[in-house]
Amino acid sequence: MIIFHNQQLPLFKQLLLIAITSTFVITLTKSLTAQDDLLAQEERALQQAVSQVAASVVQLEVLGGLETGNDGPVSGLVVSNDGYILSSAVNFRPSFTSILASTPSGKRATATLVSHDYNRNLVLLKVNTTEQYTTASPVPHTEIIVGQWSIALGKTYSREVVNQSLGIISATNRIWGKAIQTDAKISPANYGGPLIDIQGRVYGILTPLSPRGQNPTDGTDWYDSGIGFAVPLIDILPHLDTLKAGKDLHSGLLGVSLKSGDIYDLPAEIVAVQPKSPARTGGLQKGDTIIKVNDVLISRQAQLRHALGSQYAGNTIAISVKRDDQVVTTKVTLVEKLEPYEHPLLGVLPDRNFEKPGTKIRHIYMDSPAQQVKLQPGDIITHINNEAVADHNALRLVLSNFEPLDELTLTYLRNNEPTTVSLELGNIPQQAPTISPHATPTTAAAADTLATGLIDLKLPEEKNECVAIIPTNYRHDVPHALIVWLQAPGEPDNENLQAQWAALGEQYQAIVLAPQSADPARWNPSEVDFIRKTIDNVLSIYTIDRNRIVVHGQQAGGSMSYLVGFSHRDLIRGVAPLDASLPIRAAIKANDPGERLAFYAFNLKESKLAKASAAGLKRLTAAKYPVTAVQLSDKAGLSDSDRIQFLQWVDSLDRI
Amino acid sequence: MSRLFVKRLSILRPLLIATLVLSGLASSSQANDLALASNTVQSKMVKIYGAGGLKGLEAYQSGFLISGDGHILTVWSYVLDTDYITIVLDDGRKFEGKIVGADPRLEMAVLKIDSQELDHFSLSKSVVLQPGARILTISNLFGVATGNEPCSVLHGIVAATTTLNARRGAFKSPYQGPVYVLDAISNNPGAAGGALTDSHGNLAGLLGKELRNAQNGTWLNYALPIAQLTTAVEDIIAGRTRPRSFDETVKRPENPHTLKSLGIRMVPDVLTKTPPFVDSITRKSVAEQKGFQPDDLILYLNNRRIDSLNTLINEIALIDKIDHITVVIQRDNNLINITLPGQ
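Cut-off values and rules
Residues numbered from 1 in each chain as written. Chains lettered and ligands numbered in written order. Predicted model: local features only at pLDDT ≥ 70, side-chain atom pairs only at ≥ 80, totals over all residues. Helix = DSSP H or I, 4+ residues; strand = E, 2+ residues; numbered from the N terminus. Buried ≥ 20, exposed ≤ 12 C-beta atoms within 10 Å, placed from the backbone. Contact = placed C-beta atoms within 7 Å. Core = buried A, V, L, I, M, F, W, Y, C linked by C-beta atoms within 7 Å. Pairing = 2+ DSSP bridges. Axes fitted to C-alpha atoms, helices over the stretch in contact; angles between N-to-C directions. Parallel < 35°, antiparallel > 145°, perpendicular 65-115°, else oblique. Left-handed = near helix turned anticlockwise from the far one by under 90°. Nonpolar A, V, L, I, M, F, W, Y, C, P; charged D, E, K, R; others polar. pLDDT = per-residue confidence, 0-100. Arc of directions from axis to C-beta. Expected span 1.5 Å × (residues − 1).

J.: Help me out: how do you make sense of the overall build of chain A in this one?
T.: Helices and strands together make up the secondary structure of chain A, namely 14 helices and 34 strands. Counting all 656 residues of chain A, 41% fall into the buried class. For chain A, the proportion of contacts with a sequence separation of at least 24, taken over those separated by at least 6, is 67%.

Listed below in structure tokens is the structure:
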């Protein structure tokens, strides 16, 4: 501070002095901010943290593999000195031939994939080296606080220098309790690398995650978006020995179905307990409401998903339920896999022209429960277990609460006389039924101005071409089946497509939609979304029966048909691959009581894909999906009789 | 923190406190610094309007003044491919821009407007940035600013420094040299030609065009370091000629090595990306002498990563028969280096 000793200075001199001192102070301020402002100090602290962890980040190179994709180097984090590395599963495409890892001396060494954490999308690797790595310490739970600096590191651009992105911790307990969230830019440039704090400790391993799915690539579409995820290292370390022993970690399943509806509103009331599941073994019952998991109180279904989402198979948890105003507590050990659900069959096809309450029978399956209790075409099913069932869609939903061999009572009207019978539900036969085409309504068709024949349905925002074949006898009041045709790579031949399907489509009330790959030489898995858009477009124009939307594809198009079917369970009811196998990467999702999916596979005996395709169908059958397989004699493709059989299968997809 | 830094801080601390008390800015030093930088750069920025406007091609980009006489540095793009280039200064004044020269290899162009005494960046005072350094990018992102509205500022850090040709095939761009990779989402439509500065507003780079990584489909946010451009800019302004085009085809040797001449037979190419496994070795060949064995997996050729049989064949065709080849192979879990001599 400046102190004025001389009080006798003339005023103007005093002013002058003040002016000079202020100038001095301002200059001082400026030179200080230039050298040592808070920003620079902070930057130095952040760089200090980065250099502290940098040696624990390794560059990985994944060579070979069946799919093209990210071919560049990826990142991993050292978790023990002898060369165990955690990384994101997204970095490892199927059937890769080798992994190379950078070593502390700057060399490369081979690495082996030891185990997977399927719940958190991570892998553990072991580098084949005697060199000693440096580990980094984890941030404890209590110090993971929203708002703190976080730096995402990778070793993508260089083997020596880490690449970095700066952000903050933006949320904790994300993706059903598995991950923390950051606004640093998370992308293939740092998947597998660490998210660190300003003290040079590790928050977690960066990996794509999605609240909607558990495939390795789910969540990659959010790259660089400001939403990125890291699995806390502190959560993984207790399981490191399991992973080192080569044992995979899986999500833990309980085996209860909850009342469907808004998961943020409804309590966790159990409507079904799967047979042989941990829930059944632990004594949970239909009608129980789950109110506590371990020490976490549960009042809504979403909270239950949070409490269970981060649990591994093998974990034992305490569950408390409310049962008739009493609280019952039980311990259950979660499992990796549940006994798959199988849809039951009553054995009837509904008359789709029938509008009054109930379900009018169009066709009875041979040797089915319906035939055994002597139901006949024309009978109208009105009640199941004495509860009224509005129409055939409601009837299908009611039956999805049952499995084969379950018993129920059924009431039907014949000549307006009600009859009630008891029956035991059966299984869906592998053979498609032989049925004649559905009758058109007896009423006159309303005037319709929609285009028919071969029409162009290209979406303006997509570069892919798309055509459809609309039956010339199309009527807006007739629900049509939709067959989405995904051709094998090559130039499209729309005239041939029309020759094959136009007449049959008119007969069997089916629209054929043919979206085409952007590159005629290949289908890209990401085109699944484009295919969905084309289907939604058709749904918005034409009358489509939601029980009979089928994806049919040949070779690479057939592999795509599997992907489309599994990605859009809410829409697709059938998948019909022709000379194609289930893609290696496609995880078979559990059969869902509500979202039906059936398969109709055309196999070529001579094909090099025959073995792989048979293996895929075996997996689907084991997962209790209805699978129909037909052997084609002709290499040239489908004959008209093959197509008619197939259309009859499509026509029967609204079976009950 | 380093000892040196702690020591220096302890000397400065009393002064620092005094300053803060006097200026009364104790809590807002950081905000002020970035604010100061953001404001001082605006008067040096220009908005460029030219050709485009069809099929998602924007008819605008960014640029900045590099001389008081109206020289402007920007990227070379279709926007400049017109007789009428409009330049809008920070104060809203409009000028017609003339192309002084361009270097397609650097994807850079120098424009000029007819004016004087303009605020500008001096290329000779540009700074070099290290990974982790805080940065600002200033550009007319998405064309959101018009007339005298200031350009858009993003802040972030330097994520990495790399060269675009470090990964063959990943970045298909005429410019293959060093770049700053940024963690700000800086390279969107309209941003090309914008300025990259440090946190004090000192010029460090020129924001490049939108560029997608062909290998993983992600977009790259990057800038060309000014040092890469200085000579070219000086040449253009001085009227010295620069190459108008650049031959992108790599010079292929007339007599390259072949797998056959080396004595290596690979497994048949049956997949999109067949792993490059050795099937058999010709007896008495170079490969046999140097110890190649069936089932060896070829990983690197002259430090180029070989991810498939196809890549191997392409890379070999680029190596002249008289040159030696270094090969890294994987045999079981071991990496083995082999050098095959030239012939």
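J.: Mind showing me how you'd approach the overall build of chain B here?
T.: Along its length, chain B carries 6 helices and 20 strands. In chain B, once contacts between residues fewer than 6 apart in sequence are set aside, the share between residues at least 24 apart is 60%.

J.: Any chance you could explain the nonpolar core here in plain terms?
T.: Counting 145 residues, the largest nonpolar core has I85 and A101 of chain A together with I72 and M108 of chain B as the members making the most contacts within it. Broken down by element, the residue count for this core peaks at 6 residues, all from strand β8 (residues 152–163) of chain B. Here I85 of chain A is in contact with V58, G76, L77, V78, V79, A101, A111, L125 and V127 of chain A, once residues within four sequence places are set aside.

J.: Honestly, the pairing of strand β18 (residues 326–333) of chain A in this entry has me stumped. Any pointers?
T.: Along any regular strand the residues' side chains alternate between the sheet's two faces. Residues and elements named next belong to chain A. Note that strand β17 (residues 316–323) and β18 share 8 bridges and pair antiparallel. Considered in β18, the bridge of S320 is made with T329. As consecutive antiparallel partners, β17 and β18 are separated by 2 residues, and within that stretch D324 has a phi angle of approximately 50°, a positive value.

J.: Is there a simple way to think about the sheet that holds strand β28 (residues 466–470) of chain A in this case?
T.: Sheet strands associate in pairs through backbone hydrogen bonding, adopting either a parallel or an antiparallel arrangement. Residues and elements named next belong to chain A. Spatially, β27-β28-β30-β29-β31-β32-β33-β34 is the arrangement adopted by the 8 strands of the open sheet, whose pairing is mixed. Edge positions in the sheet fall to β27 (453–456) and β34 (627–632), since each of these pairs with one other strand and no more. Shown here is a sheet whose adjacent strand axes are inclined to one another by a mean of 20°, direction ignored. Here strand β32 (residues 574–578) pairs with strand β33 (residues 598–604) via 3 bridges, running parallel. Across the sheet, the residue bridging to G574 is A598, located in β33. Its contacts with the sheet place helix α13 (residues 610–622) against β33 and β34, and it is angled at close to 160° to β33.

J.: Can you walk me through the sheet that holds strand β3 (residues 84–88) of chain A in this structure?
T.: All names here are of chain A. Around the barrel, which closes on itself, the 6 strands sit in the order β1-β2-β3-β6-β5-β4 with antiparallel pairing between neighbours. Going from strand to strand, the sheet's axes swing by 40° on average, the running direction of each strand aside. Inspection of the sheet shows strand β4 (residues 98–102) paired to strand β5 (residues 108–117) by 4 bridges, in the antiparallel sense. When the bridges of β5 are listed, I99 appears paired with A111.

J.: How should I be thinking about the packing of helix α10 (residues 494–508) of chain A against helix α14 (residues 640–651) of chain A in this particular structure?
T.: Working note: a packed helix pair is described by the angle between its axes plus the distance between those axes. All names here are of chain A. In contact at an axis separation of 11 Å, α10 and α14 are set at 40° when each is read in the N-to-C sense. In terms of axis orientation, α10 runs oblique to α14. Along this stretch, α10 crosses α14, giving a crossing that reads as right-handed. When α10 is examined against α14, the residues Q500, L504 and Y508 are found in contact with a partner set consisting of R643, I644, L647 and D651. Each residue belonging to the contact of α10 with α14 can be placed in one class, and the counts come to 4 nonpolar, 1 polar and 2 charged.

J.: When you look at the confidence of the model for chain A in this model, what are you seeing that I'm missing?
T.: Any residue range with low pLDDT should be treated as having predicted coordinates unsuitable for detailed reading. Taken residue by residue, chain A gives an average pLDDT of 89. The fraction at 70 or more is 93%. Confidence drops under pLDDT 50 across residues 1–32 of chain A; counting only partners more than four residues distant or on other chains, this segment forms 10 contacts.

J.: How do you make sense of the environment of D448 of chain A when you look at a structure like this?
T.: With respect to the secondary-structure elements, D448 of chain A resides in the loop between β26 (426–427) and β27. What D448 of chain A contacts, discounting residues up to four positions off in sequence, is Y474, R475 and H476 of chain A.

J.: Honestly, helix α6 (residues 309–316) of chain B in this entry has me stumped. Any pointers?
T.: One turn of an α-helix holds 3.6 residues; hence residues three or four places apart share an orientation. All names here are of chain B. Listed as buried for α6 are L309, L312 and E315. The buried residues of α6 occupy an angular sector of 130° when projected down its axis, which confines them to one face. Elements that come into contact with the buried residues of α6 comprise β15 (264–266), β17 (297–301) and β18 (304–305).

J.: What exactly am I supposed to notice about the confidence of the model for chain B here?
T.: Residue and element names in this part refer to chain B. Per-residue confidence for chain B averages 83 on the pLDDT scale, and 84% of its residues sit at or above 70. The low-confidence segment residues 1–29, where pLDDT is below 50, has 20 contacts with residues more than four positions distant or belonging to other chains. Ignoring residues within four places in sequence, the model shows residues 243–249, a span with pLDDT below 50, making 7 contacts including any to other chains. Reported for the predicted complex are a pTM of 0.67 and an ipTM of 0.72.

J.: Would you take a moment to explain unusual backbone geometry for this structure?
T.: In most cases, non-glycine residues show a negative phi, while peptide bonds are predominantly trans. Even without glycine at this site, Q555 of chain A takes up a positive phi of about 50°. Tracing the backbone through its elements, the reader meets Q555 of chain A in the loop between β31 (544–554) and α12 (556–567). Look at Q555 of chain A and you get buried, because 21 C-beta atoms sit within 10 Å. In this structure, F142 of chain B is a non-glycine residue whose phi angle is positive, near 60°. Looking at where F142 of chain B falls in the secondary structure, it is placed in the loop between β7 (134–139) and β8.

J.: Is there a simple way to think about the environment of V79 of chain B in this case?
T.: Residues and elements named next belong to chain B. Relative to the assigned elements, V79 resides in the loop between β3 (71–75) and β4 (85–89). By C-beta crowding, V79 is classed as buried, having 26 other C-beta atoms within 10 Å. Separated by 18 residues in sequence, V79 and Q61 have C-alpha atoms that sit 7.3 Å apart. Sequence-distant contacts of V79, defined by excluding residues within four places in its chain, comprise I48, G50, A51, G52, A59, Y60 and Q61.

J.: Just to check I follow, could you spell out the environment of T161 of chain B for this structure?
T.: Residue and element names in this part refer to chain B. Mapping T161 onto the fold places it in strand β8. Overall, the presence of 19 C-beta atoms within 10 Å leaves T161 in the partly exposed class. Separated by 30 residues in the primary sequence, T161 and P131 place their C-alpha atoms 6.6 Å from one another. T161 has contacts with P131, P178 and Y180, leaving out every residue within four places of it along the chain.

J.: What should I look at first to understand helix α2 (residues 38–54) of chain A in this one?
T.: All names here are of chain A. Taking 1.5 Å per residue, 17 residues should reach 24 Å; α2 reaches 24 Å between its end C-alpha atoms and fits that length. Listed in full, the buried residues belonging to α2 are L46, A49, V50, V53 and A54. For α2, the arc enclosing every buried residue in end-on projection is 135°, short of the 170-degree limit, so these residues lie on one face. Each element contacted by the buried residues of α2 is listed here: β1 (57–63), β7 (149–154), β8 (163–173), β10 (194–196) and β11 (202–206).

J.: Can you help me understand the pairing of strand β24 (residues 407–414) of chain A in this one?
T.: All names here are of chain A. Where strand β22 (residues 380–384) meets β24, 4 bridges bridge the pair, whose relative direction is antiparallel. Of the residues in β24, the one forming a bridge with I380 is L413. Here β24 pairs with strand β25 (residues 417–424) via 8 bridges, running antiparallel. Looking at β25, one finds that E407 is bridged to E424. Counted along the chain from β24 to the antiparallel partner β25, the turn is 2 residues long, and its residue N415 has a positive phi close to 55°.

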